[in-house]
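Residues per chain, in single letters:
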Amino acid sequence: MNISVIGAGYVGLTTAACLAEIGHTVRCADNDEAKLALLRNGQLPFFEPHLEDLVRRNSRNGRLRFATTEEAVVGSEAIFICVGTPPLENGEADLSAIANVARTIAQRVTGSCLVIEKSTVPVQTGQRLKRQLELYSTRGFHCDLISNPEFLREGSAIEDFFHPDRIVIGVERQQAAERLSEIYRPVLEQSFDCPVHQNCSVKKNPAWVVTDTNSAELIKHASNSFLAMKISFINMVADLCESVGADVTKVALGMGMDPRIGAAFLNPGIGFGGFCFPKDVQAFVRIAEKSGCDFNLLREVEKVNKRRIEHFLEKIRKELWVIRGRKIAVWGLAFKPNTDDVRFAPSLEIVRALIHEGATVKAYDPQATEKARAIMPEVEYCASPYEAAQDAEAILLVTEWPEFRAIDWQRLRGVVDRPLVIDGRNALDPAKVAESGFHYVSIGRQPVLAVPNVIEGEPPLRVDGAASTR
Ligand SMILES: NC(=O)c1ccc[n+]([C@@H]2O[C@H](COP(=O)([O-])OP(=O)(O)OC[C@H]3O[C@@H](n4cnc5c(N)ncnc54)[C@H](O)[C@@H]3O)[C@@H](O)[C@H]2O)c1
């Protein structure tokens, strides 16, 4: 099918490349000329595992091309809208990019086509979008408006496209659902050559969930808000564990074994960030408010999340006593591993607060350095975790990249000024860190003292005197 995808960001470019990979002819558009120029040159504007291969292969075979929105929409049988919906000052979603795209579609497209809203939008946006398209139509254009919220996760976006749990679509009539299912057929039937896994065994047919457009839009906001609530919940449990001398890892493990609760999203830390959760929770609260529902529960979720940064900074102050003049290493800047996205990343607030208090910060991230440098030029960026830790009086683990779990602790011990690790993601093995002579502080668990001389076979002692478990 001839498809256009508007917006070449994390969602749009992934969608465009994956649709081309399963056999469609795709034009991907963006209003950012610089981004288009990069893409036409075979370069990606951001990092996402496997995406570069897909873009290159499908550009070469002619199934994926890059264009302006005006060019891309003409002659399309289906148009996916994947532009950004950032938060306004009052927390509502800014829908201006969607409105601009709607106008271009209405003025350029003739005949009929599917218009598929993939951006995360407030409930009833689809209905309004349909009205806009009709209002501005100048060439006898008819469309089926479909809400098709996106659930991909940055860092595993390609995998999520090919192996989703569910594809949710909101339609006004059944024929539209049937046409969209044609586009997704290889994914629904898992009948593609998997570009992610060799000898792919993941093949599990996703659920095809058909609803009305309002419900589809709500499914997306309600899902993200629920996950954010889980994170804030376990973060509060972590605080309680710190106060009473319990271990949140064990509490979360025990809780997560209950299938009604599930183990996912029970990892305590410095809170959620990124381009989705913070803005989606805010927008959901505003949607509820405007509809006369007081969703106070979610306001608390936001408040708990905002306090996580201060909670982490307090831990740093407690360990270092005075921040001014300290050399601090920050490991990880991206809002989560396997992406270079630093939008609303907790690292930004943490680094800025430390610099404001007079610390010198050296930072390392495997992928996000350039994105971070563009907005925080005051930081010294390093090429390795060891370089960042050189002469440091504290190492802060802010993003749980797998590479930090594979650190050579003995080597690290030789470069730091003071062996102190404050793990904001509970990503490290406390015993292993302490065995290398580091004092280890994490979230919702008792600090573990550095072990200068470990007696073979004995686990290190925790400060509360209880033996730690591995
Ligand atoms: N990033 C995620 O993990 C994720 C997951 C699910 C849903 N979403 C939702 O998908 C949407 C897009 O998110 P993203 O992370 O891809 O954003 P993004 O900022 O990476 O990409 C948006 C792109 O749209 C382009 N754009 C903006 N206005 C335009 C216009 N008028 N015409 C053409 N292009 C325009 C921008 O230049 C940008 O390249 C948002 O609503 C987001 O909430 C994101």
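Caption draft 1: Spotlight on the overall build of the protein chain. Helices and strands together make up the secondary structure of the protein chain, namely 17 helices and 14 strands. For the protein chain, the residues scored as buried account for 56% of the 470 residues in total. Contacts spanning at least 24 positions in sequence make up 72% of the contacts within the protein chain whose residues lie at least 6 apart. Between the centroid of the 55 positive side chains of the protein chain and the centroid of its 61 negative side chains there is a distance of 2 Å.

Caption draft 2: Molecular detail of the sheet that holds strand 11 (residues 380-381). Strands sit in the order 11-10-9-12-13-14 across an open sheet of six strands; the sheet is parallel. Edge positions in the open sheet fall to strand 11 and strand 14 (439-441), since each of these has one partner strand only. Pairing between strand 12 (residues 394-397) and strand 13 (residues 420-423): three bridges, direction parallel. If you follow Leu397 over to strand 13, its bridge partner there is Asp423. Of the strands in this sheet, strand 9 (327-331), strand 12, strand 13 and strand 14 touch helix 12 (residues 296-320), which is tilted by about 165 degrees from strand 13.

Caption draft 3: Quick peek at the pairing of strand 5 (residues 111-117). Summarising burial for strand 5: five of the seven residues are buried, a large majority. Summarising the sheet, strand 4 (residues 78-81) and strand 5 pair through four bridges and their orientation is parallel. Bridging from a neighbouring strand, Ala78 pairs with Leu114 of strand 5. Relative to strand 6 (residues 141-147), strand 5 runs parallel, the two being bridged by seven bridges. Counted as the bridge partner of Ile116 is Ile146 from strand 6.

Caption draft 4: Looking closely at the packing of helix 11 (residues 277-290) against helix 12. Remark: helix 11 packs on helix 12, axes separated minimally by 9 Å, with the N-to-C direction vectors making an angle of 155 degrees. Judged on the interaxial angle alone, helix 12 and helix 11 are roughly antiparallel. Considering only the axes of helix 11 and helix 12, their crossing is left-handed. Contacts from Val281, Gln282, Phe284, Val285 and Glu289 of helix 11 reach helix 12 at Leu298, Arg299 and Glu302.

Caption draft 5: The nonpolar core, seen in detail. Ranked by internal contacts, the top residues of the largest apolar core, which has 68 residues, are Ile316, Leu333, Leu354, Leu396 and Leu412. Membership of the second largest hydrophobic core comes to 45 residues, among which are Leu13, Ala16, Leu19 and Leu114.

Caption draft 6: View of the environment of Asp423. Secondary-structure assignment places Asp423 in strand 13. Along the sequence, Asp423 and Ser442 sit 19 residues apart, while their C-alpha atoms lie 4.7 Å from each other. Not counting residues within four places of it along the chain, the set of residues in contact with Asp423 comprises Phe312, Leu397, Leu428, Tyr440, Val441, Ser442 and Ile443. Among the polar contacts listed, one links the side chain of Asp423 to the backbone nitrogen of Asn426, at a separation of 2.9 Å.

Caption draft 7: Seen up close, the site of the ligand. Taken together, the neighbourhood of the ligand is formed by 28 residues, with Asp30, Lys35, Thr85, Glu154 and Lys279 sitting nearest. Measuring from an oxygen atom of the ligand, one finds a backbone N or O atom of Val11 at 2.8 Å. For the ligand, an oxygen atom lies 2.5 Å from a polar atom in the side chain of Lys279. Breaking the shell around the ligand down by element, the ones donating at least two residues are helix 1 (10-21) and helix 5 (96-108). Ranked by residues supplied to the shell around the ligand, first place goes to helix 5 with three residues. Partitioning the shell around the ligand into residue classes produces eleven nonpolar, nine polar and eight charged.

Caption draft 8: Highlighting empty space enclosed by the protein. Summed over all chains, the structure comprises two cavities of 30 Å³ or more. Considered as a void within the structure, the largest cavity measures approximately 50 Å³ in volume. Lining the largest cavity, in full, are Thr85, Pro86, Pro87, Gly91, Glu92, Ala93, Thr120, His221, Lys279, Asp280 and Ala283. The element contributing the most residues to the lining of the largest cavity is helix 11, with three residues. Of the residues in the lining of the largest cavity, the class split is four nonpolar, four polar and three charged. Computed from the structure, the second largest cavity encloses a volume of approximately 30 Å³. Lining the second largest cavity, in full, are Glu117, Ser119, Thr120, Val121, Ser147, Pro149, Glu217 and Lys220.

Caption draft 9: Structural view of the environment of Val210. Following the sequence through the fold, Val210 ends up in strand 8 (residues 207-211). As for Val210 and Cys382, which are separated by 172 residues in sequence, their C-alpha atoms are 48 Å apart. In this structure Val210 touches Ile169, Val171, Gln174 and Ala177, once residues within four positions along its chain are discounted.

Caption draft 10: The confidence of the model for the protein chain, seen in detail. Confidence in the prediction for the protein chain averages 94 pLDDT; 96% of positions are at 70 or higher. Long-range and interchain partners of residues 460-470, a stretch whose pLDDT sits below 50, account for 26 contacts in this model, where long-range means more than four residues apart.

Caption draft 11: Region of the structure containing the pattern of salt bridges. Summed over all chains, the structure comprises 28 salt bridges. Across the pair Asp144 and Arg173 runs a salt bridge whose closest N-O atoms are separated by 2.8 Å. Remark: Arg173 occurs in the loop between strand 7 (166-170) and helix 8 (174-188) and Asp144 occurs in strand 6; sequence separation between them is 29 residues. We classify Asp144 as buried; its relative accessible area is 8%. Across the pair Arg343 and Glu154 runs a salt bridge whose closest N-O atoms are separated by 3.7 Å. Taken as a pair, Arg343 in the loop between strand 9 and helix 13 (346-356) and Glu154 in the loop between strand 6 and helix 7 (157-162) lie far apart in primary sequence, 189 residues in all. With relative accessibility at 10%, the residue Glu154 sits in the buried group. Linked through salt bridges whose partners overlap, the residues forming this network are Glu92, Arg286, Glu289, Lys290, Asp294 and Arg299.

Caption draft 12: Representation of unusual backbone geometry within the structure. Positive phi, close to 75 degrees, is recorded for His50, a residue that is not glycine. Tracing the sequence through the fold places His50 in the loop between helix 2 (33-40) and helix 3 (51-60). With phi around 55 degrees, Phe344 is a residue other than glycine that occupies positive phi space. Within the element layout of this structure, Phe344 appears in the loop between strand 9 and helix 13.

Definitions and limits used
Residues numbered from 1 in each chain as written. Predicted model: local features only at pLDDT ≥ 70, side-chain atom pairs only at ≥ 80, totals over all residues. Heavy atoms only, no water. Helix = DSSP H or I, 4+ residues; strand = E, 2+ residues; numbered from the N terminus. Buried < 20%, exposed > 50% of the residue type's maximum accessible area, 1.4 Å probe, protein only. Contact = heavy atoms within 4.5 Å. Lys, Arg positive; Asp, Glu negative; His and termini not counted. Charge placed at Lys NZ, Arg CZ, Asp CG, Glu CD. Pairing = 2+ DSSP bridges. Axes fitted to C-alpha atoms, helices over the stretch in contact; angles between N-to-C directions. Parallel < 35°, antiparallel > 145°, perpendicular 65-115°, else oblique. Left-handed = near helix turned anticlockwise from the far one by under 90°. Core = buried A, V, L, I, M, F, W, Y, C linked by side-chain atoms within 4.5 Å. Polar contact = N/O pair within 3.5 Å; in protein donor to acceptor, adjacent residues only side chain to side chain. Near = heavy atom within 4 Å. Nonpolar A, V, L, I, M, F, W, Y, C, P; charged D, E, K, R; others polar. 1 Å grid on protein atoms, 1.4 Å probe; cavity = no way out; pocket = protein on both sides within 12 Å on 5 of 7 lines; lining within 4 Å. Points joined across faces, edges and corners; volume = space filled by probe spheres on them. pLDDT = per-residue confidence, 0-100. Salt bridge = Lys/Arg side-chain N within 4 Å of Asp/Glu carboxyl O.

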